[in-house]
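Each chain is listed here by its residues.
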Amino acid sequence: MAIIEFLPKEYGYVVLVLVLYCFINFWMGFQVGKARKRYNVQFPTLYAIESENKDAKLFNCVQRGHQNALEMMPMYFMLMILGGMKHPCICTGLGLVYNISRFFYFKGYSTGDPMKRLTIGKYSFLGLFGLMFCTISFGVSVIRG
């Protein structure tokens, strides 16, 4: 297990925060499934059409909240994994900010008023920008040897 010797012991916190986000993502997916039943949107329809479904906007807001989380997930995971190699405690904190903000982003979006996603959800970008700086710091350290 040479990789464990390479990583700081605090890196385990980074891993746990990423797993927490996986649970948040599963929960969002279940919410979309419940919204499909509630608003009568059948598979494989990704987004409801307002002319065909009076509740299209409500369903679409739930779906869009989850879709946006999926769009951002690869970048978030990459920044956490790499930045956490040098700054595990900072990345853990920033990851928690991101996770909590994304939860409230989804909750706000799911109300049917897309602007409510930004009430607390806007802080997810603070987490991402912080993670970018940590990852840049890691990259510079690797280059310098």
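Residues numbered from 1 in each chain as written. Predicted model: local features only at pLDDT ≥ 70, side-chain atom pairs only at ≥ 80, totals over all residues. Heavy atoms only, no water.

A. Looking closely at the UniProt feature "transmembrane region" (unreviewed entry) in the chain. Per the UniProt annotation, the sites labelled "transmembrane region" (unreviewed entry) are residues 12-30, 76-100 and 120-143. For the annotated span residues 12-30, helix accounts for 100% and strand for 0% of the residues, and the straight-line distance between the end C-alpha atoms is 27 Å. Across residues 120-143, the secondary structure splits into 92% helix and 0% strand, with the terminal C-alpha atoms separated by 37 Å. (UniProt positions renumbered as here; feature names shortened; annotations may be inferred. Helix = DSSP H or I, 4+ residues; strand = E, 2+ residues; numbered from the N terminus.)

B. Summary view of helix 2 (residues 11-39). For helix 2, spanning 29 residues, the distance from its first C-alpha to its last is 42 Å, which sits close to the expected 42 Å at 1.5 Å a residue. Taken from the residues just after helix 2, N40 is the one with a positive phi, measuring 55°. (Expected span 1.5 Å × (residues − 1).)

C. Summary view of the pattern of salt bridges. Scanning the entire structure with this criterion turns up two salt bridges. With a shortest N-O distance of 3.4 Å, K54 and D55 are connected by a salt bridge. By relative accessible area, K54 is classed as exposed at 76%. The exposure class of D55 is buried, given its relative accessible area of 18%. Linking R64 and E71 is a salt bridge whose minimum nitrogen-to-oxygen distance equals 2.9 Å. Taking relative accessible area as the criterion, E71 reaches 42% and is therefore assigned partly exposed. (Salt bridge = Lys/Arg side-chain N within 4 Å of Asp/Glu carboxyl O. Buried < 20%, exposed > 50% of the residue type's maximum accessible area, 1.4 Å probe, protein only.)

D. View of the packing of helix 3 (residues 56-86) against helix 4 (residues 88-109). Contact geometry for helix 3 and helix 4: axes closest at 10 Å, N-to-C directions at 180°. Accordingly, the angle class assigned to the pair helix 3 and helix 4 is roughly antiparallel. (Axes fitted to C-alpha atoms, helices over the stretch in contact; angles between N-to-C directions. Parallel < 35°, antiparallel > 145°, perpendicular 65-115°, else oblique.)

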